[in-house]
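# What the coordinates show
Spelled out, the chains give:
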Amino acid sequence: MDALKGLKVIELGQLIAGPFAGKTLAEFGADVIKIEPQETGDPLRKWRMLRDGTSVWWEVQSRNKRSVALDLRSGEGQSVVRDLAREADVLIENFKPGTLEKWGLGWDTLHEMNPGLIMLRISGYGQTGPYRHKPGFGVLGEAMGGLRHLTGEPGRVPVRCGISIGDTLSALHGVIGVLTALYHRDARGGEGQVIDVALYESVFNVMESLLPEYDAFGAVRERSGSALPGIAPTNAYRCADDKYALIAGNGDSIFKRLMAAIGRPDLENDPALARNDGRVARVEEIDAAIEAWTVLKPLDEVLSVLDQANVPAGKVYAVDDIVNDPQYQAREMLVETTTSDGSVLKVPGIIPKLSATPGRIAHPAPRLGEHNAEVVSARGWPVRR
């Protein structure tokens, strides 16, 4: 059984944030109709590495969806969306605020037609405020949300995360909003509503103690490389083969086991180091002691010793490590699929793992406009073949 079977979703967004939200809903059974520009389709079709002219990323981002190619600037395209919206449960969009209103597809119009409709709106700065009309991409949201200031080495240029994490965080917040709004509507008898997600707020929401530390102490958290300030010890430690072991020995009992494993009973039994605040005060001493031990051993031996001591430790995974890892394989996170052109492609599996209604890949990512005939001719929500 698909948990979201029967849920009708219109996806008007492009690239990452809106489509990732649509992908997540589709993986659990929602019928997602993706509206794309007629000539070019979603720009993601041409992002990063292409196979036979289509991005392999597209095959992940748009699986389980239907594609309808429309010109949303035309009266005909807008009419098709309105016909779909009369029956839809959710509409997802990530255009600049005001764009849908300009096309006659704004909230007031669609809500009057369908009071149960839920509209997820993802934008750089939200639907209100002085920045609402500014264009916003994930990288700007990551910077404004506080993340970019903290990534990288002290005294060096702030670096970005290697993926568009701001977009994905916004999508996941949007999915939480959609599911909450559906519960309000269906379990509580409420109407549809707007979910207003801003990229910078989605990043800011996961910044942990950043704001209260500034408010209480005037502390501005800075870049710290591979360490996590205020929590000790947790860092990347060089090994004899010039690889790095990631070791998180910051739990009180874990710290004692770690010190025993590296042969430092003096630190293990030091009462001043029994709690995190005491360890933070001497973090440089502790880190030096750990690396003095790791630097004498290759990474595999370090990890073996720490595994036996029940100390959380691991290595830095590249994608080839991921593909060959038995945990990934056991959890079905490496899935072979067949794309719409018949090619075989390995793609990430589905999370979260639900015991009774797990997500699944039911349909490959669609070709541009593949479902135009069945959707446009229906002038309403078509039955999925």
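Structure's up top.
What comes next concerns the included structure. (Residues numbered from 1 in each chain as written. Predicted model: local features only at pLDDT ≥ 70, side-chain atom pairs only at ≥ 80, totals over all residues. Heavy atoms only, no water.)

Time to look at the environment of Ala88. Along the polypeptide, Ala88 turns up in the loop between helix 3 (75–85) and strand 6 (90–93). Ala88 sits in the buried class, given a relative accessible area of 3%. With 26 residues separating them along the chain, Ala88 and Asn114 place their C-alpha atoms 8.1 Å apart. If sequence neighbours within four positions are ignored, Ala88 has contacts with Lys8, Ile10, Asn114, Leu117 and Trp381. (Helix = DSSP H or I, 4+ residues; strand = E, 2+ residues; numbered from the N terminus. Buried < 20%, exposed > 50% of the residue type's maximum accessible area, 1.4 Å probe, protein only. Contact = heavy atoms within 4.5 Å.)

Those residues of helix 3 that fall on the buried side of the exposure criterion are Gly77, Gln78, Val80, Val81, Asp83, Leu84 and Ala85. Buried residues along helix 3 sit against strand 1 (8–11), strand 2 (31–36), strand 6, helix 5 (107–113) and helix 17 (372–376).

Of the pockets and cavities examined, the largest pocket occupies roughly 1,400 Å³. Around the largest pocket, the lining comprises 34 residues; the ones closest to its centre are Trp57, Val60, Ile163, Val347 and Pro348. Elements that contribute at least two residues to the lining of the largest pocket include exactly helix 1 (17–27), helix 2 (56–61), helix 7 (165–188), helix 15 (319–323) and strand 13 (344–348). When its residues are assigned to classes, the lining of the largest pocket shows 22 nonpolar, seven polar and five charged. Size it by volume and the second largest pocket reaches roughly 480 Å³. Taken together, 23 residues form the lining of the second largest pocket, with Gln14, Leu15, Asn94, Gly136 and Phe137 sitting closest to its centre. Every element with two or more residues in the lining of the second largest pocket is listed here: strand 7 (118–123) and helix 6 (138–144). (1 Å grid on protein atoms, 1.4 Å probe; cavity = no way out; pocket = protein on both sides within 12 Å on 5 of 7 lines; lining within 4 Å. Points joined across faces, edges and corners; volume = space filled by probe spheres on them. Nonpolar A, V, L, I, M, F, W, Y, C, P; charged D, E, K, R; others polar.)

The next point concerns the packing of helix 1 against helix 7. Here helix 1 crosses helix 7 at 50 degrees, and the two axes come no closer than 8 Å. When the axis of helix 1 is compared with that of helix 7, the two are oblique. For the pair helix 1 and helix 7, the sense of crossing is right-handed. Listed contacts from helix 7 to Ala17, Phe20, Ala21, Thr24 and Leu25 of helix 1 are Asp167, Thr168, Ala171, Leu172, Val175, Val178 and Leu179. (Axes fitted to C-alpha atoms, helices over the stretch in contact; angles between N-to-C directions. Parallel < 35°, antiparallel > 145°, perpendicular 65-115°, else oblique. Left-handed = near helix turned anticlockwise from the far one by under 90°.)

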